[in-house]
Amino acid sequence: ALGAGLTVDNPHGVMVLELGAGSADVAVITMGTVAYCCSLRTGGDTMDEAIQQYVRKNKDIDIGLPMAKKIKHTVGCAYRRSEEIEMSVTGKDHLSGMPKVFSISSNEVYEALKDHIRAILNGIQDVLEQTPPELYSDIVKNGVYLAGGGALIRGLAKRLSDKCRIPFVVAEDPLRAVARGAGLALKNVERLPFLMR
């Protein structure tokens, strides 16, 4: 939240979704404390694995996790596109072991990722259901901030906004939000006594 430029020590509620490599963490913060949060066992790494498994199952081709990550960043999306985009990928034929070039589309990647996106959506809805009404109104007004590499998945903010009917905003430079926030916390530790709890 600090790294996204949010004020966390006043009585208003702010909500952050951090989509990291190992997990997706959702929190509502007010008065310098976490009012409610949840951590989901889905993140960038599990999404990469899902793409890898999808390609193996549906195309009989093996690809490495770095290639799966490249696919996610290049054509990955959080919804079915009316106009698909594709990329050409080189993998290893599962049966022959020989190199094989194939195409994968944005909608295929969506199919690989949809269960993970649904899990994130369910986690957000769970946190919103547990949020006190006075903080909920702040979140509806100001939106939910997305941080972490997963925030860059094409269309994720729009998909979450459409489903939750709350604005979702990608933080400036979401990849570095956590590191930047940690630095700010250390520089201002005397002003943030909640960090010592």
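Residues numbered from 1 in each chain as written. Predicted model: local features only at pLDDT ≥ 70, side-chain atom pairs only at ≥ 80, totals over all residues. Heavy atoms only, no water.

> Describe the overall build of the protein, naming the residues involved and giving the relevant values.
Summing up its helical and strand segments, the protein has six helices and eight strands in all. Taking all 197 residues of the protein together, the buried fraction comes to 44%. Relative to all contacts within the protein whose residues are 6 or more apart in sequence, the contacts with residues 24 or more apart total 55%. A total of about 10,500 Å² of accessible surface is found on the protein, and carbon and sulfur atoms cover 52% of it. (Helix = DSSP H or I, 4+ residues; strand = E, 2+ residues; numbered from the N terminus. Buried < 20%, exposed > 50% of the residue type's maximum accessible area, 1.4 Å probe, protein only. Contact = heavy atoms within 4.5 Å. Areas by Shrake-Rupley, 256 points an atom, 1.4 Å probe, with all protein chains shown as cover.)

> Break down the pairing of strand 3 (residues 33-40) for me, citing the residues and quoting the values.
The pairing of strand 2 (residues 24-30) with strand 3 spans seven bridges and is antiparallel. Each bridged residue has a counterpart across the sheet, and for I29 the counterpart in strand 3 is V34. Between the antiparallel neighbours strand 2 and strand 3 lie two residues, among them M31 with a positive phi of about 50°. (Pairing = 2+ DSSP bridges.)

> I'd like a description of the sheet that holds strand 4 (residues 61-62), backed by residues and values.
In a beta sheet, neighbouring strands are held together by backbone hydrogen bonds and run either parallel or antiparallel to one another. Read from one edge of the open sheet, three strands run 4-5-6, paired in antiparallel fashion. Each of the sheet's edge strands pairs with one partner strand only, and the pair in question is strand 4 and strand 6 (99-105). Here two bridges tie strand 4 to strand 5 (residues 86-93), and the two strands are oriented antiparallel to one another. In the sheet register, I61 faces strand 5, and the bridge partner there is D93. Against the sheet, helix 1 (residues 44-59) contacts strand 4 and strand 6, and its axis sits at roughly 110° relative to strand 6. Helix 2 (residues 65-75) contacts strand 5 and strand 6 of the sheet and is inclined by roughly 165° relative to strand 5. (Axes fitted to C-alpha atoms, helices over the stretch in contact; angles between N-to-C directions.)

> Run through the layout of surface pockets, naming residues and quoting values.
By volume, the largest pocket amounts to about 490 Å³. In the lining of the largest pocket, the residues fall into 16 nonpolar, four polar and two charged. (1 Å grid on protein atoms, 1.4 Å probe; cavity = no way out; pocket = protein on both sides within 12 Å on 5 of 7 lines; lining within 4 Å. Points joined across faces, edges and corners; volume = space filled by probe spheres on them. Nonpolar A, V, L, I, M, F, W, Y, C, P; charged D, E, K, R; others polar.)

> Lay out a nonpolar patch on the surface in plain terms, naming residues and giving numbers.
On the surface, a nonpolar cluster with roughly 270 Å² of combined accessible area is contributed by L152, V170 and L175. Tracing the sequence through the fold places L152 in the loop between strand 7 (144-147) and helix 5 (156-164). (Patch = residues over 30% accessible without salt bridge, like charges linked within 9 Å, V, L, I, M, F, W, Y side chains within 5 Å. Salt bridge = Lys/Arg side-chain N within 4 Å of Asp/Glu carboxyl O.)

> Report on the confidence of the model for the protein, specifying residues and quantitative values.
Residues at a pLDDT of 70 or more form 96% of the protein, whose mean pLDDT is 91. Per-element mean pLDDT across the protein ranges from 85 in helix 6 (residues 177-187) up to 97 in strand 4. (pLDDT = per-residue confidence, 0-100.)

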